[in-house]
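So the chains spell out like this:
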Amino acid sequence: MADPSPSDAVDRIDTTRPSQARAWNYWLGGKDYYPVDKELADMLEQTYPGMQEIALHTRAFLRRTVRHLAEREGIRQFLDIGTGLPTVDNTHEVAQRVDPSSRIVYVDNDPVVLVHARALLTSHPDGACDYLDADVRDPDDILGRAARTLDFAEPIAVLMLGVMGTVRDDDEACALIGRYLSAVPAGSFLVVEDGTNVVKPQAAAQAEQLRDEGQVYSYELRTPERIARFFDGLELLEPGVVSVSRWRYEGEAIDGVPDEVDAFGGVARKS
């Protein structure tokens, strides 16, 4: 199945309703958002002070995990599901700085991401990048088309940052992750990050209510224990499922340890 063209995607963009991808782009200092997205982002930041900090820490988590997998684990293939809008240090940029031959497939189903997808395809000539307009709930479609770029006989890192919260049922979410992992060989990795409600529970509940009442976008905040279920049967790397700010953090922080934020994640190896 051919992906829609960017010109087709423009017709699908609704500028009257806020987009999760565009709100995150605003928090990350990007320029690809509309007034309605800024309004939502500012409302959420007012309801939950620190939302922008979560976005920035999540992006840093992506950089650290991809760099670790490329440098320390020898991973040269990445399937990035729910990539969001292109920004600084996209997955292929981090991976190809380590090895220019790295191959990356991005997946998202937000038309605004498709419009800007060419920024995700600026691969080093020794490597390769592809972008799929697809939904995480359709693993057979994603895996089939990803095979145009990735070799499923060799280890692949499956990245799912900020996407499983859109699948609100835990059993369904675990089944989907299991389907993706069943397609990749031993030595592959799973990276998951999602929003939680344990650092600032009252503010998180208020922000979730704001999203639900406004019918903006549906997103399930999970406890770290629920997120840890996604790694069942895998070998979790240290330090396990932790706040993204504390996963192999770098630089200085108060008392040497960064503050926790309401986004937890981890990295695990398939044996």
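Quick look at the structure, then.

Criteria and thresholds
- Residues numbered from 1 in each chain as written.
- Predicted model: local features only at pLDDT ≥ 70, side-chain atom pairs only at ≥ 80, totals over all residues.
- Heavy atoms only, no water.
- Phe/Tyr/Trp six-rings, centres within 6.5 Å; stacked < 30°, edge-to-face > 60°.
- Buried < 20%, exposed > 50% of the residue type's maximum accessible area, 1.4 Å probe, protein only.
- Helix = DSSP H or I, 4+ residues; strand = E, 2+ residues; numbered from the N terminus.
- Contact = heavy atoms within 4.5 Å.
- Pairing = 2+ DSSP bridges.
- Right-handed = clockwise from strand over helix to strand, strands pointing away.

Our next topic: the packing of aromatic side chains. Applying the stated criterion across every chain yields a total of three aromatic pairs. Seen from their ring centres, Tyr26 and Tyr33 are 4.9 Å apart, and the 75 degrees between their planes marks the pair as edge-to-face. Residue Tyr33 is classed as partly exposed on the basis of its relative accessible area of 28%. Between Phe61 and Trp247 the ring centres are 5.9 Å apart and the planes differ by 85 degrees, which places this aromatic pair in the edge-to-face class. In this pair, Phe61 is assigned in helix α4 (residues 51–71) and Trp247 in the loop between β7 (242–243) and β8 (263–269), connecting sequence segments 186 residues apart. Comparing Phe61 with Trp247 shows no difference in burial state: the two are buried.

Attention shifts here to the environment of Ala95. Along the chain, Ala95 falls in helix α5 (residues 91–98). In the structure, Ala95 is positioned 32 residues away from Arg63 in sequence and 8.9 Å away in space, judged by C-alpha atoms. Aside from chain neighbours lying at most four places away, what touches Ala95 is Val66, Ala70, Phe78, Ser102 and Ile104.

Our focus in this paragraph is the pairing of strand β4 (residues 157–161). Counting buried positions over the five residues of β4 gives five, a clear majority of the element. Examined bridge by bridge, strand β1 (residues 77–81) and β4 share four bridges and lie parallel to one another. The partner of Phe78 across the bridge, within β4, is Ala157. Here β4 pairs with strand β5 (residues 189–195) via five bridges, running parallel. Residue pairing for β5: Val158 is matched across the bridge by Leu190. After leaving β4, the chain enters helix α8 (residues 170–182) and then returns to the sheet as β5, a path that is right-handed.

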